[in-house]
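Coordinate inspection notes
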Amino acid sequence: MDRQKQIELVASRKQVSALIIGGGINGLGLLRELALQGIDALLVEKSDFCSGASAASTRIIHGGLRYLENREFRLVKESLRERNRLLNNAPHYVRPLPTTIPIFSWTAGMFHALGKFLGFRVPPHEKGAVVFKIGLSLYDRYAGRQNPMPRHRFSSRQAAHRLRPQLPPEVVCTGTYYDACITYPERLGLELALDAEQASSDVHALNYVRATGTDGEEVMLEDEISARSFQVKPRVVINASGSWIDFTNRDLQRPTQYIGGTKGSHIVLDNPELLQATQGEMLYFVNADDRICLFYPAGGKVIAGSTDIPVEDPEAALCEENEVDYILESVGRVFPTIRLHRSQIVYRFCGVRPLPRSDASTPGEISRDHICAVLPAGNGLDFPIYSLIGGKWTTFRAFAEQVADKVLSHLGRPRLANSENLPIGGGRDFPRSATEMSAWLASLQSKYGLPLKRLAVLLDRYGTRAHGVAEFVCSGPDEPLRMLPEYSRREILFMAEREKIVHLEDLVFRRTMMALLGELSSELLVELASVLSPAMEWSEEKAGQEIERTLRLLAKAHGVKLVKGT
């Protein structure tokens, strides 16, 4: 069902059991969870799916090593359990990532860490090998006996410098442990929406639809594309709008002050020497100001971050020049001989974490746990509002499960299914070994005749959904893009027709990694717009507007300045 037909259906039915406002990972995870329970649900997102903080994360699936210092043991245990489940349920996008900590002292921070662990406020401090050894041992223990990844290990000064001669001589040893990375977080979020709609014909996910207010009984919605307004009558509203939660509650006549967001900025570097020095691992370290800094390889580039700065207005959050300086200086502390320069930055991004309002002395001390705050019905409001505060990529399924149980209780409905071991999208039947992968690709080649190398790329991008992509690609004349031959015209058309693309920016920022990896040019944007135009029914004028819109966003939010026509 195309987007306009979905809107027609939703508007004509009006009644809906659960209305989810916000299409980030919290909202999308909950939509799938409710769909599995047979609940009719509607999700609306004012922009594109996973276009806020969900698109601006560090792209790491982790247990939260530093949470141990804040005594958040339940969160660490839950996070590690969910990390392991994502490795199993989404193996096409979530993969093990060895992580190495350069350590500059043996004993630094022991008493500070003990004081913080006991609940005292202590100043920022460096951590030495003893502190990390205790933390990593606990981390391994909380990962459980079924942990699919190796336990941590330490390397001597000599071994560490032999592997990475670029490390400064002050490094006394390194510690290495395992977490995971997510290659395409925005695509995984999209797959949750597609899975939810496939699970139930009474479930719909609509991007570029904004909740504008309520009369107490109905919620008013507005479609950005057609400017059409329509109403729905929900039995429960779930506010999953992330850093915009308080703004959304205000629009729903229930002002709150739940959120005390902090922004995290990252940069993407094209530096072959830095890429080689990572050795395929993430480098993780704690700066003197107690901020976590890290960098790791992704698509031939290096992602580096992050900052942690309180902000009031999420719409105004951008990666500032002083943050770029901070990140470059932090990476330079680990590899001081590697030349880093702004000219090597191909992309920058920033998101606001929807953390709970807190009086913590530093942003790093604010809990990263999730909370569902309930505003009951009454006083002119016919439905309760559940606000999803906090959360992160790693624990979205567990959070969705907990909130779904609250919704089911409110609706008087039983739980019908469990998502603990349910594959997501292209993670279904994903080949796990090299032998299985070779057999899978050979089978697809025999059916569609595409080169094995091309099929391997599709498998990497789409998981086992590559089967549908290959079928679509072979169903008509196709050719590689002139400006980016790693993609073909019909592959772009597949995304336009099957993946809820509304704007050109959706394609380059969230359905692919073209923007993130610095692959865009003005010529490529023109070519992509020409491919999309027939499927999207864009006029030449509309295509030009889409290009201009994308150019403005690249320059303002991501520090990428392309000149149209050059």
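Just so it is clear, the model here is predicted, and its values are computed rather than measured. (Residues numbered from 1 in each chain as written. Predicted model: local features only at pLDDT ≥ 70, side-chain atom pairs only at ≥ 80, totals over all residues. Heavy atoms only, no water.)

What about the pattern of salt bridges?
For clarity, the cut-off: Any carboxyl oxygen of Asp or Glu that lies within 4 Å of a side-chain nitrogen of Lys or Arg is treated as forming a salt bridge with it. Runs of H or I in DSSP of at least four residues are treated as helices and runs of E of at least two as strands, each being numbered from the N terminus. Think of it in three bands: residues with accessible area under 20% of the maximum for their type are buried, residues over 50% are exposed, and the middle band is partly exposed, with areas taken using a 1.4 Å probe on protein chains only.
What the rule picks out here adds up to 39 salt bridges. Between Glu315 and Lys46 there is a salt bridge whose closest N-O contact spans 3.4 Å. Of the two residues, Glu315 sits in the loop between strand 15 (309-310) and helix 10 (321-334) while Lys46 sits in the loop between strand 2 (41-45) and strand 3 (60-61), which places them 269 residues apart along the sequence. A residue is classified by how much of its surface remains accessible, and Lys46, at 25% relative accessible area, is partly exposed. Across the pair Asp48 and Arg511 runs a salt bridge whose closest N-O atoms are separated by 2.8 Å.

Considerations on the packing of helix 16 (residues 504-511) against helix 17 (residues 522-536)
To be explicit about the condition: What counts as an axis is a line fitted to C-alpha atoms, over the stretch in contact for a helix, and the angles between N-to-C directions run from 0 to 180 degrees. Two helices that cross are described as forming a left-handed crossing if the nearer one is turned anticlockwise from the farther one by less than a right angle, and a right-handed crossing if clockwise. Contact definition: two residues touch when any of their heavy atoms are within 4.5 Å. Residues are grouped as follows: Ala, Val, Leu, Ile, Met, Phe, Trp, Tyr, Cys and Pro are nonpolar; Asp, Glu, Lys and Arg are charged; every other residue, Gly included, is polar.
Where helix 16 meets helix 17, the closest approach of the two axes is 10 Å, and the angle between their N-to-C directions is 115 degrees. In this structure, the crossing between helix 16 and helix 17 has a hand that is right-handed. Residues Leu504, Leu507 and Val508 of helix 16 form the contact with helix 17, whose participating residues are Leu525, Leu528, Ala529 and Leu532. In the contact of helix 16 with helix 17, the residues fall into seven nonpolar, no polar and no charged.

Here's the deal with unusual backbone geometry
Negative phi is the rule for most residues except glycine; trans is the rule for most peptide bonds. Of note, the amide linkage connecting Gly305 to Ser306 takes the cis form, showing an omega dihedral of 5 degrees. Following the sequence through the fold, Ser306 ends up in the loop between strand 14 (301-305) and strand 15. At Arg59, a position not held by glycine, the phi torsion is positive, near 65 degrees. Structurally, Arg59 is set in the loop between strand 2 and strand 3. Unusually for a residue other than glycine, Gln279 sits at a positive phi of about 55 degrees. Mapped onto the secondary structure, Gln279 falls in the loop between helix 9 (272-278) and strand 12 (282-286).

As for the environment of Gln37
Defined as follows: A 3.5 Å cut-off defines polar contacts: any pair of N or O atoms within that distance qualifies, except that in protein one atom must be a possible hydrogen donor and the other a possible acceptor, and neighbouring residues in sequence count only when both atoms are side-chain atoms.
Relative to the helices and strands, Gln37 resides in the loop between helix 2 (25-36) and strand 2. Classification of Gln37 as buried rests on a relative accessible area of 0%. Along the primary structure Gln37 and Thr337 are separated by 300 residues, whereas in three dimensions their C-alpha atoms are 56 Å apart. Sequence-distant contacts of Gln37, that is, excluding residues within four places in its chain, are made with Leu408, Arg413, Arg415, Leu416 and Ala417. Here Glu33 takes part through its backbone oxygen, which lies 3.1 Å from a polar atom of the side chain of Gln37. Of the polar contacts made by the side chain of Gln37, one reaches the backbone nitrogen of Ala417; its length is 2.9 Å.

As for the side chain of Glu45
Note the threshold: By the counting rule applied here, Lys and Arg register as positive and Asp and Glu as negative, while His and the ends of each chain are not counted.
You can see Glu45 is positioned in strand 2. Lys46 provides the closest opposite charge to the buried, unpaired Glu45, separated from it by 5.1 Å. Engagement of the side chain of Glu45 in a polar contact is seen with the backbone nitrogen of Gly23, the distance being 2.7 Å. Setting aside its immediate chain neighbours within four residues, Glu45 contacts Gly22, Gly23, Gly24, Ser51, Leu206, Asn207, Tyr208 and Val209.

Things to note about the pairing of strand 18 (residues 385-390)
Looking down a regular strand, the side chains alternate between one sheet face and the other. As a reminder, the rule being used: Two strands make a pair as long as DSSP finds a minimum of two bridges between them.
In terms of burial, strand 18 is a largely internal element, six of the six residues being buried. Of the pairings in the sheet, the one linking strand 10 (residues 229-239) to strand 18 comprises three bridges and is parallel in character. Along strand 18, the bridge assignment pairs Ile238 with Tyr386. Of the pairings in the sheet, the one linking strand 17 (residues 370-375) to strand 18 comprises six bridges and is antiparallel in character.

Notes on empty space enclosed by the protein
To be explicit about the condition: Grid points spaced at 1 Å over the protein atoms alone were grouped into cavities, where a 1.4 Å probe fits but cannot get out, and pockets, open sets with protein on both sides within 12 Å along at least five of seven lines, with lining residues defined by an atom within 4 Å of a point. Grid points are joined across faces, edges and corners, and a volume is the space filled by probe spheres set on the points.
Following the criterion strictly, the structure yields four cavities of 30 Å³ or more and no others. Lining the largest cavity are Pro102, Ile103, Phe104, Glu126, Lys127, Phe132, Phe285, Val286 and Arg333. For the lining of the largest cavity, the secondary structure elements donating two or more residues are strand 4 (94-103) and strand 12. Classifying every residue of the lining of the largest cavity by side-chain character gives six nonpolar, no polar and three charged. A volume near 60 Å³ is recorded for the second largest cavity. Lining the second largest cavity, in full, are Arg32, Glu82, Arg85, Leu86, Asn89, Phe396, Arg397, Leu422 and Ile424. Sorting the residues of the lining of the second largest cavity by element identifies helix 3 (73-89) and helix 11 (396-411) as the ones contributing at least two each. By residue number, the principal contributor to the lining of the second largest cavity is helix 3, which donates four residues. Here the residues of the lining of the second largest cavity sort into four nonpolar, one polar and four charged.

Here's the deal with helix 17
Test applied: Helix span is expected to be 1.5 Å times the residue number reduced by one.
A rise of 1.5 Å per residue sets the reference length of helix 17, with its 15 residues, at 21 Å; its end C-alpha atoms lie 20 Å apart and thus fit the reference within 8%. Taken residue by residue, helix 17 has Ser522, Leu524, Leu525, Glu527, Leu528, Ala529, Val531, Leu532, Ser533 and Met536 as its buried positions. Looking at the buried positions of helix 17, the neighbouring elements they touch are helix 15 (489-498), helix 16 and helix 18 (540-558). Glu537 lies just past helix 17 and shows a positive phi near 60 degrees.

A closer look at the pairing of strand 12
The buried fraction of strand 12 amounts to five of the five residues, a majority that puts the element mostly inside the structure. Burial along strand 12 is two-sided: Met282, Tyr284 and Val286 facing one way and Leu283 and Phe285 facing the other are all buried. When strand 4 meets strand 12, the two strands line up parallel, connected through two bridges. Across the sheet, residue Thr100 finds its bridge partner in strand 12, namely Leu283. Taking the residues that link successive antiparallel strands as the turn, the strand 12-strand 13 (residues 292-298) hairpin has five residues, and the phi of Asp290 there is positive, at about 75 degrees.

Concerning the environment of His370
Looking at the element boundaries, His370 is found in strand 17. When its relative accessible area of 9% is taken as the criterion, His370 is described as buried. Considered as a pair, His370 and Pro356 are 14 residues apart in the sequence and their alpha carbons are 8.7 Å apart. Look past the residues within four positions of His370 in its chain and what remains in contact with it is Arg74, Glu78, Ile389, Gly390, Gly391, Thr395, Phe399 and Gln402. At a separation of 3.3 Å, a polar atom in the side chain of His370 contacts the side chain of Glu78. Separated by 3.2 Å, the side chains of His370 and Gln402 make a polar contact.

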